[in-house]
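What follows is each chain in one-letter form.
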Amino acid sequence: ETGVTQTPRHLVMGMTNKKSLKCEQHLGHNAMYWYKQSAKKPLELMFVYNFKEQTENNSVPSRFSPECPNSSHLFLHLHTLQPEDSALYLCASSQSGQGPSNQPQHFGDGTRLSIL
Amino acid sequence: EDQVTQSPEALRLQEGESSSLNCSYTVSGLRGLFWYRQDPGKGPEFLFTLYSAGEEKEKERLKATLTKKESFLHITAPKPEDSATYLCAAMQTGANSKLTFGKGITLSVRP
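Sequence positions are assigned chain by chain, starting from 1 and proceeding in written order. Lettering of chains starts at A and numbering of ligands starts at 1, both following the order in which they are written. Given that the model is predicted, a residue must reach a pLDDT of at least 70 before its local features are reported, and side-chain atom pairs must reach 80 or more before they are shown or counted; all residues, however, enter totals for whole chains, interfaces and linings. Only heavy atoms go into the side-chain values, all of them from the structure, while hydrogens and water stay out.

*Asks:* Any details on the state of the cysteines? Residues and values, ideally.
*Replies:* Counting rule for disulfides: a pair of cysteine sulfur atoms within 2.5 Å. Counted by the stated rule, this structure contains two disulfides over all chains. Between Cys23 of chain A and Cys91 of chain A runs a disulfide, and the two sulfur atoms are separated by 1.9 Å. Judged by the sign of its S-S torsion, about -70°, the cystine formed by Cys23 of chain A and Cys91 of chain A is left-handed. Taken together, the residues Cys23 of chain A in strand S3 (residues 18-25) and Cys91 of chain A in strand S9 (residues 87-94) connect sequence positions 68 residues apart. Residue Cys23 of chain A is classed as buried on the basis of its relative accessible area, which comes to 0%. Cys91 of chain A gets classed as buried once you look at its relative accessible area, which sits at 0%. The disulfide partner of Cys23 of chain B is Cys88 of chain B, and the gap between their sulfur atoms is 1.9 Å. Classification of the bridge connecting Cys23 of chain B and Cys88 of chain B rests on its S-S torsion, roughly 75°, and on that basis the disulfide is right-handed. Each helix corresponds to a stretch of at least 4 residues labelled H or I by DSSP, and each strand to a stretch of at least 2 residues labelled E; elements are numbered beginning at the N terminus. A 1.4 Å probe rolled over the protein chains alone gives each residue an accessible area, and that area as a share of the maximum for its type sets the label: buried under 20%, exposed over 50%, partly exposed in between.

*Asks:* An account of the packing of aromatic side chains is needed here, citing residue identities and associated values.
*Replies:* The pairing test for Phe, Tyr and Trp rings, Trp by its six-membered ring, is centres within 6.5 Å, and the orientation test on the planes gives stacked under 30 degrees, edge-to-face over 60, and tilted for anything in between. If you walk through the whole model with that rule in mind, you get eight aromatic pairs over all chains. Arranged with centres 6.0 Å apart and planes meeting at 40°, the rings of Tyr36 of chain B and Phe101 of chain B form a pair that is tilted. One end of the pair, Tyr36 of chain B, is in strand S4 (residues 30-38); the other, Phe101 of chain B, is in strand S10 (residues 99-101), and 65 residues separate them in sequence. By the burial criterion, Tyr36 of chain B is buried, and Phe101 of chain B matches it. What links up through ring pairs into an aromatic cluster is the set Tyr33, Tyr35 and Phe107 of chain A together with Tyr36, Phe46 and Phe101 of chain B.

*Asks:* Run through the interface of chain B and chain A, naming residues and quoting values.
*Replies:* With 21 residues of chain B in contact, the opposing surface of chain A contributes 25 residues. Where chain B abuts chain A, roughly 1900 Å² becomes buried across the two surfaces, and 51% of that area is made up of carbon and sulfur atoms. Here, a salt bridge means any side-chain nitrogen of Lys or Arg that lies within 4 Å of a carboxyl oxygen of Asp or Glu. The interface formed by chain B and chain A includes two salt bridges. Polar contact is defined as a pair of N or O atoms within 3.5 Å, subject to the rule that within protein one atom must be able to donate a hydrogen and the other to accept it, and that residues adjacent in sequence are counted only when both atoms are side-chain atoms. For the pair chain B and chain A, the number of links is four residue pairs in polar contact (both at pLDDT 80 or more). Elements with a contribution of two residues or more to the side of chain B that touches chain A: S4, strand S5 (45-50), strand S9 (84-92) and S10 of chain B. Element by element, the count of residues in the side of chain B that touches chain A is highest for S4 of chain B, at four residues. Only heavy atoms matter for contacts: two residues are in contact if any of them lie within 4.5 Å across the pair. By buried area we mean the combined loss of accessible area, with a 1.4 Å probe, across both parts when two parts are placed together.

*Asks:* An account of the environment of Pro8 of chain B is needed here, citing residue identities and associated values.
*Replies:* Along the chain, the position of Pro8 of chain B falls in the loop between strand S1 (3-7) and strand S2 (10-14). Each C-alpha atom of the pair Pro8 of chain B and Asn22 of chain B lies 7.3 Å from the other, and the pair is 14 residues apart in sequence.

*Asks:* Could you give an account of the nonpolar core, with specific residues and numbers?
*Replies:* The nonpolar side chains of a soluble globular protein tend to be buried with one another. With 24 residues, the main nonpolar core has Leu21, Leu33, Trp35, Leu73 and Tyr86 of chain B as its most contacted residues. Listed by contribution, the elements that provide at least two residues to this core are S2, strand S3 (19-26), S4, S5, strand S7 (62-66), strand S8 (70-75), S9 and strand S11 (105-110) of chain B. When residues in this core are grouped by element, the largest group, four residues, is from S9 of chain B. With near-sequence residues (within four places) excluded, Leu21 of chain B lies in contact with Ser7, Leu11, Trp35, Ser71, Phe72, Leu73, Ile75, Tyr86 and Ile105 of chain B. Here, nonpolar core refers to any group of buried Ala, Val, Leu, Ile, Met, Phe, Trp, Tyr and Cys residues whose side-chain atoms link them within 4.5 Å. If you look at the next biggest cluster of nonpolar residues, it comprises 22 residues, including Met13, Met32, Tyr49 and Leu74 of chain A.

*Asks:* Would you mind going over the side chain of Thr49 of chain B in detail, with residue names and values included?
*Replies:* Tracing the sequence through the fold places Thr49 of chain B in strand S5. Classification of Thr49 of chain B by relative accessible area gives buried; the value is 3%. Discounting residues that sit within four places of it in the chain, Thr49 of chain B has contacts with Asn102 and Pro104 of chain A together with Leu33, Phe34, Glu55 and Lys57 of chain B.

*Asks:* How would you explain the pairing of S5 of chain B if you had to name every residue and give the values?
*Replies:* Residue and element names in this part refer to chain B. Note on pairing: two strands pair once DSSP finds at least 2 bridges between them. Note that S4 and S5 share five bridges and pair antiparallel. Of the residues in S5, the one forming a bridge with Phe34 is Thr49. Hairpin geometry of S4 and S5 is characterised by an intervening segment of six residues between the two adjacent antiparallel strands and by a positive phi of about 75° at Gly41.

Here you go:
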C-alpha cells in the first residue's frame, strides 16, 4: 500500500476517445504531481499542484488537461491523444509549505496507457 | 540545463557481490538528492534523501552518499530481492519542488 492510489491501472483507447485518469492520496499531503514515464527515458514532470493551485505546466500539449478539486484528488483528462502518448502515467504527492519544499515525493503505481 | 546521469545503465551481480551505482548531477544549487527503487509494474518507491555533501544514509544493505557532483548508492552483499531499477533525482533550489530524474540503473542479482 503506497498511500497513493491510481485508477485505472491499464487503459487502452483510440485516438478520438476521451478518458480520465484518477489519483487519490491518503498521506495528508498538499502537493500533487503528474509524470510521464516512457521506456529508456527519464521521468518527465507534466504538472504540479500546490494547495489545489496549478504551479507548473511543463509545456504539456493541451490534449492533456489536469484537474485538482482538492488536495487529495488529482485527475488527468485525455482527448485526441497520439500514439507517442502511450506510456506509464505516474501520480505523486508530497508535503509542501506555501513555498517550494524539499520533502520526498511518494508515487502511485501508475496507469499504463496504450493509444491505438 | 539541469542534468542527472546514472551509470551504468544495467548491472548484473552475483548474490553477495557488493557494488555501487553512480548518479552524477549538474544543477545550480542542490536542494536535495533523492533515490528511489522501482519494481516492474510498480511506481517508484522512496529510499533516501541527501541534502548536503558528505551526508550518508543507510537502510539494510543500501547506503547512499553525496558529494558536490555525484551520489553513490552502495549495495553490500546484495540478494536477488534487491533486483530492481534504481532512480536518482535532483531538486534545484527555487524550483517549485521540481525533480530532475536520471534514466535509472537496472540491477539484476543472480542467486
